[in-house]
Structure formats: structure tokens, C-alpha cells
Amino acid sequence: MNLEQLKQLKEKAQKQIALREGNKKYRVVISMGTSGIAAGAREVMKTMLDEIEKQGLDDVEVRVTGEHGLENIEPVVQVEEAGGEKTTYAEIDIEKAKKIVSEHLQKGRKVDNLAVGREKKKSE
Amino acid sequence: MFEELSQHILDIAMNSLSANAKKVQISILESRKRDWLILHVRDDGRGMNAATLKRVLGSRWSSKKGRRKPIGLGLALLRQTSEMCDGNFHVRSAPGRGTSVTASMRLSHIDRPPLGDLSATILALCATDKKMDVRLNYRTDEKRFSFDTQELVTKGEVIL
């Protein structure tokens, strides 16, 4: 890690904190438990942040959570819309992450072939 | 299982988050002269009692498919990495007293994973749902870098 990367880190972290303010149209939730990290969730998160920035999408918030209990299909990315609709994407890699940004977050079109299940109520 | 030490760090710090920590302090000391690398992660979360600590350290990584409880697995993984690289691993924790994890390894050990993308790790920790102050201190023989989310928020500008 060099100094330049670290400088960028501060800028990026700051942007990310600033993006938390206000209500966004989309909220992207990435599960970052042990199995998620091992499956590449951190790289997925980074790709999504980069793509969101590149496309200038300022109505999107990216959040990280712990284990979802879906460790067999990690990395898991959930897109929550302001209206309350949730889409769960499973086994996401860098390419799929880009697709979710360019289709779902940019054009508002769900990527059906990457989505899993239907919205379920938590059985707790 | 983890290819980078920064993934271990993220994993351990995510445990801090689950333990409702308000603050997590990550220190990395890297010395070529002394040939060691020391990772230290300390939080002010709810901590663990002796029985829980024993259980999480005893868990072993298994590649078996199917449901498993991954809680605490990360600590066992880091211990494995540290011991494999001629280092020591130590956890101190008590209920209400937070948790402190120290893992050392020989810097030049052939199996030592690279530090990797530390900035992605910090970014992920800045994006969590809960409010947790993240501090990083990274020191090598020549360089020193520190990061503190609190600093970014209160001063509102980038300071290096």
C-alpha cells in the first residue's frame, strides 16, 4: 500500500460517509461475514462503489452488514428500493456487480437471471 | 481461505461490529529489520466470557458444504495463519471489557499472505449500518499512516 492509495482512501471514505445523509432511492446491502469475505464480497463492494461513482449515481447508498445466514450463496447483494421492494442477488462476482449497477441502479431494470427467490418474510 | 491479511482484518473487525463495538482500533506493525508483522485489533464491544472464547478459538475451518455456524470462525482462521507463519496469536476478552486480538507472523515467511487491499477493508468498515469509529495505524520501518473516521467526520476535510 502506498501513500497515494492511502490519500485516496481518506477521500473515498469521506465521500462514503457523506453519502449516508438523506434518503436514497436505492440502498445496496452487501453481506460481509466470514463466508462473504472469503467468497469475494469485499471486491464486489469495491467494484460497486467504483461503478456507482463512475456513472455518477448519487441516489444510491452502499451498506455493509454481517452474515445474512445465506453463506452457501455468497457474495450476496441486496438492493432495497425506496418503496420497500427488495431484490436479492446471489453468487455475485465483479462482472455481475457491474451489471447490477448498470441495469438495476442506473436503468431501474432488475437483473432477473441473477436474482434469487422471492421476497420472503423472516421466519423468526 | 483468506488470501490477504486485510481480509482477516475485515473479518475480525466485523466481529467487533456484531459485538456492538463503538470503536475499533486496528494496528499494523511491519518491520523488515526485525522480520515481523504484527496485527492488533481492539474493540470496546461486549466481549466474551472464557467459555465462548474457548469455543470460538477451537472452531476449525471445514470445507464441508452445508450449514455451519461461522461465528467466531474468523479468529480460528487468523490463528491458523499466524501459527503457520511462525507467529503467536493471542486474544484477550471479558464480558463488558471488549476484545483485543493480536496476531504476529514472520514477515519473510513464505506462507505469509500479503497485506492486500487494506483500503477496501477500511472502506467496507466505513459502510456498515451501525456507527462504529474505525481507527487504523499502519507503521513500517520508514512510513507511518493513520486513519480515523472520527477525524473525517468532525474536521470535515482530508488530513494526511
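What counts, and where the lines are drawn
- Residues numbered from 1 in each chain as written.
- Chains lettered and ligands numbered in written order.
- Predicted model: local features only at pLDDT ≥ 70, side-chain atom pairs only at ≥ 80, totals over all residues.
- Pairing = 2+ DSSP bridges.
- Helix = DSSP H or I, 4+ residues; strand = E, 2+ residues; numbered from the N terminus.
- Axes fitted to C-alpha atoms, helices over the stretch in contact; angles between N-to-C directions.
- Contact = placed C-beta atoms within 7 Å.
- Nonpolar A, V, L, I, M, F, W, Y, C, P; charged D, E, K, R; others polar.
- Buried ≥ 20, exposed ≤ 12 C-beta atoms within 10 Å, placed from the backbone.

A. Examining the sheet that holds strand β4 (residues 86–89) of chain A more closely. Residue and element names in this part refer to chain A. Ordered in space as β2-β1-β3-β4, the four strands form an open sheet in which the pairing is mixed. In this open sheet, the two strands that pair with only one neighbour each are β2 (60–65) and β4. For this sheet, the mean inter-axis angle between neighbouring strands, taken without regard to orientation, is 20 degrees. Sheet analysis places strand β1 (residues 26–31) next to β2, joined by six bridges and oriented parallel. For Y26, the partnering residue across the bridge sits in β2 and is V60. Across the sheet, helix α3 (residues 41–54) lies against β1, β2 and β3 (77–81), angled at about 170 degrees from β2, the strand it touches most.

B. Highlighting the interface of chain A and chain B. Contacts between chain A and chain B engage 29 residues on the former and 30 residues on the latter. For the side of chain A that touches chain B, the secondary structure elements donating two or more residues are α1 (3–18), α2 (34–39), α3 and β2 of chain A. Residue classes in the side of chain A that touches chain B are distributed as 12 nonpolar, eight polar and nine charged.

C. Quick peek at the environment of V111 of chain A. All names here are of chain A. Relative to the assigned elements, V111 resides in the segment after α4 (94–107). Note: C-alpha distance between V111 and E80 (31 residues apart in sequence) is 14 Å. Not counting the four nearest positions on each side in its chain, V111 is found in contact with K99, I100, E103 and H104.

D. Fine view of the pairing of strand β2 (residues 36–43) of chain B. Residue and element names in this part refer to chain B. Of the two faces of β2, the one holding L37, L39, V41 and D43 is buried and the one holding W36, I38, H40 and R42 is not buried anywhere. As paired strands, strand β1 (residues 23–31) and β2 are joined by eight bridges and run antiparallel to one another. Bridging across to β2, Q25 finds its partner in R42. Once β1 ends, the chain turns through four residues before running back antiparallel as β2, passing D35 with a positive phi of about 60 degrees.

E. Summary view of unusual backbone geometry. Of note, the amide linkage connecting E74 of chain A to P75 of chain A takes the cis form, showing an omega dihedral of -10 degrees. Its place among the elements puts P75 of chain A in the loop between β2 and β3. Even without a glycine there, the phi angle at N20 of chain B is positive, about 60 degrees. Counting through the fold element by element, N20 of chain B comes out in the loop between α1 (5–18) and β1.

F. Spatial organisation of the sheet that holds strand β5 (residues 133–139) of chain B. Residues and elements named next belong to chain B. Within the open sheet, the six strands sit side by side as β3-β4-β2-β1-β5-β6. Their pairing is mixed. In the strand order of this sheet, the two ends are held by β3 (89–93) and β6 (144–148), each with one partner. This sheet shows a mean twist of 5 degrees between the axes of neighbouring strands, independent of strand direction. The pairing of β5 with β6 spans five bridges and is classified as antiparallel. Bridging across to β6, R139 finds its partner in R144.

Remember, this is a structural readout, not a statement about activity or role.
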